[in-house]
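# Examining the three-dimensional arrangement
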Amino acid sequence: INHNTKAVGLDFARPMLQYAAAKSSRIQSKGAKGAADISWLKGDAMKLPFGDDQFDGVTVGYGLRNVASPADCLKELGRVVKPGRKVVVLDFNNAQNQLVRAFQFFCLQNIVVPVATLLGAREEYTYLKPSIQRYPKGDALVSMALQNGFKDAEFTPIAGGLMGMLVATAV
């Protein structure tokens, strides 16, 4: 991203957009080099308010796991990105390694949720374990991308498999 880049941040939750806008404003006010021009928009990732082939790239951070249909959302992401361009999805991983999965769920149940409970944010974190359990594994995400408008896709585990990144190229 450079100073000529225009970016759009989209979320269905207005508080998340307000937080993001305030944070990006603080970064820009500090004179950060290469800060992008970012517009913040309330919207639904399942019905993006953009035309076909509009973006040079699309990223999703910790969002695909939270939509009603990851396959339909991927199709929608493929619709708005220009042909030959990338969609990159970063999210918690439904790890195939049982030790990694056991560690992940132990931390969620015994550290993350109890701390969130103390801070009055239990509901915001108790959904994580079941949402990760429902989320497709890496090879299934690749197949899903290929079946929904992408010509190639690869999945890379990150942080020992606790997270993962899907990179898919639009047709």
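Residues numbered from 1 in each chain as written. Predicted model: local features only at pLDDT ≥ 70, side-chain atom pairs only at ≥ 80, totals over all residues. Heavy atoms only, no water.

## Things to note about the side chain of R101
Where we set the bar: A run of DSSP states H or I qualifies as a helix once it reaches four residues; a run of E qualifies as a strand once it reaches two. Both are numbered from the N-terminal end. Summary of the burial criterion: residues with accessible area below 20% of their type's maximum are buried, those above 50% are exposed, and those between are partly exposed, where the area comes from a 1.4 Å probe applied to protein chains only. We treat Lys and Arg as the positive residues and Asp and Glu as the negative residues; His and chain ends play no part in the count. Here, a salt bridge means any Lys or Arg side-chain nitrogen found within 4 Å of an Asp or Glu carboxyl oxygen. We call two residues contacting when some pair of their heavy atoms lies within 4.5 Å.
Within the fold, R101 resides in helix α3 (residues 98-118). The buried charged residue R101 lacks any salt bridge, with D139 as its nearest oppositely charged partner at 10.0 Å. For R101, the contacting residues outside a window of four places in its chain are N94, A95, Q96 and K137.

## Quick notes on the pairing of strand β6 (residues 163-170)
We count it as follows: For two strands to be treated as a pair, DSSP must find no fewer than two bridges joining them.
Sheet topology places strand β4 (residues 81-92) next to β6; seven bridges connect them, and they run antiparallel. Counterpart to K86 in the pairing with β6 is T169. As paired elements, strand β5 (residues 150-158) and β6 share eight bridges and run antiparallel to each other. By the bridge assignment for β6, F150 is matched with A170. The loop that links β5 with its antiparallel partner β6 comprises four residues; one of these, A159, has a positive phi angle of about 55°.

## Thoughts on the pattern of salt bridges
Taken as a whole and assessed by the stated rule, the structure comprises five salt bridges. Across the pair K82 and D56 runs a salt bridge whose closest N-O atoms are separated by 2.9 Å. Of the two residues, K82 sits in strand β4 while D56 sits in strand β3 (residues 55-61), which places them 26 residues apart along the sequence. Of the residues examined, K82 reaches a relative accessible area of 30% and is grouped as partly exposed. One salt bridge in this structure joins R85 and D56, with 3.7 Å as the shortest N-O distance. A residue pair is termed long-range when its members are at least 10 positions apart, and R85 in strand β4 and D56 in strand β3 qualify at 29 residues. On the basis of relative accessibility, which here comes to 38%, the residue R85 falls in the partly exposed class. When salt bridges with common partners are traced through the structure, they connect D52, E76 and R79 into a single cluster.

## Side note on the layout of surface pockets
Stated precisely, the cut-off is as follows: Here a cavity means grid points, on a 1 Å grid over the protein atoms only, where a 1.4 Å probe fits yet cannot get out; a pocket means an open set of points with protein on both sides within 12 Å along at least five of seven lines; lining residues are those with an atom within 4 Å of a point. Grid points are joined across faces, edges and corners, and a volume is the space filled by probe spheres set on the points. Each residue receives one of three labels: charged for Asp, Glu, Lys and Arg, nonpolar for Ala, Val, Leu, Ile, Met, Phe, Trp, Tyr, Cys and Pro, and polar for the others, Gly being one of them.
By volume, the largest pocket is sized at about 1,800 Å³. When residues of the lining of the largest pocket are traced back to their parent elements, those giving at least two are β1 (6-11), α1 (14-29), β2 (37-42), β3, α2 (70-80), β4 and α4 (122-126). It is β3 that provides the largest number of residues to the lining of the largest pocket, a total of seven residues. Its residues placed into classes, the lining of the largest pocket shows 32 nonpolar, 10 polar and seven charged.

## Details of the environment of S25
Looking at where S25 falls in the secondary structure, it is placed in helix α1. Looking at S25, the relative accessible area reads 43%, which means it is partly exposed.

## Focus on the packing of aromatic side chains
We apply this condition: Only rings of Phe, Tyr and Trp enter the pairing, Trp through its six-membered ring, and a pair is recorded when the two centres are within 6.5 Å. The plane angle decides the type: under 30 degrees is stacked, over 60 is edge-to-face, the rest tilted.
Counted under the stated rule, the structure contains two aromatic pairs. On the numbers, 4.9 Å between centres and 85° between planes, the contact of F50 with F55 is edge-to-face. Here F50 falls in the buried class, since its relative accessible area comes to 15%. Judged by relative accessible area, F55 falls into the buried class, the value being 19%.

None of this, on its own, says anything about what the molecule does.
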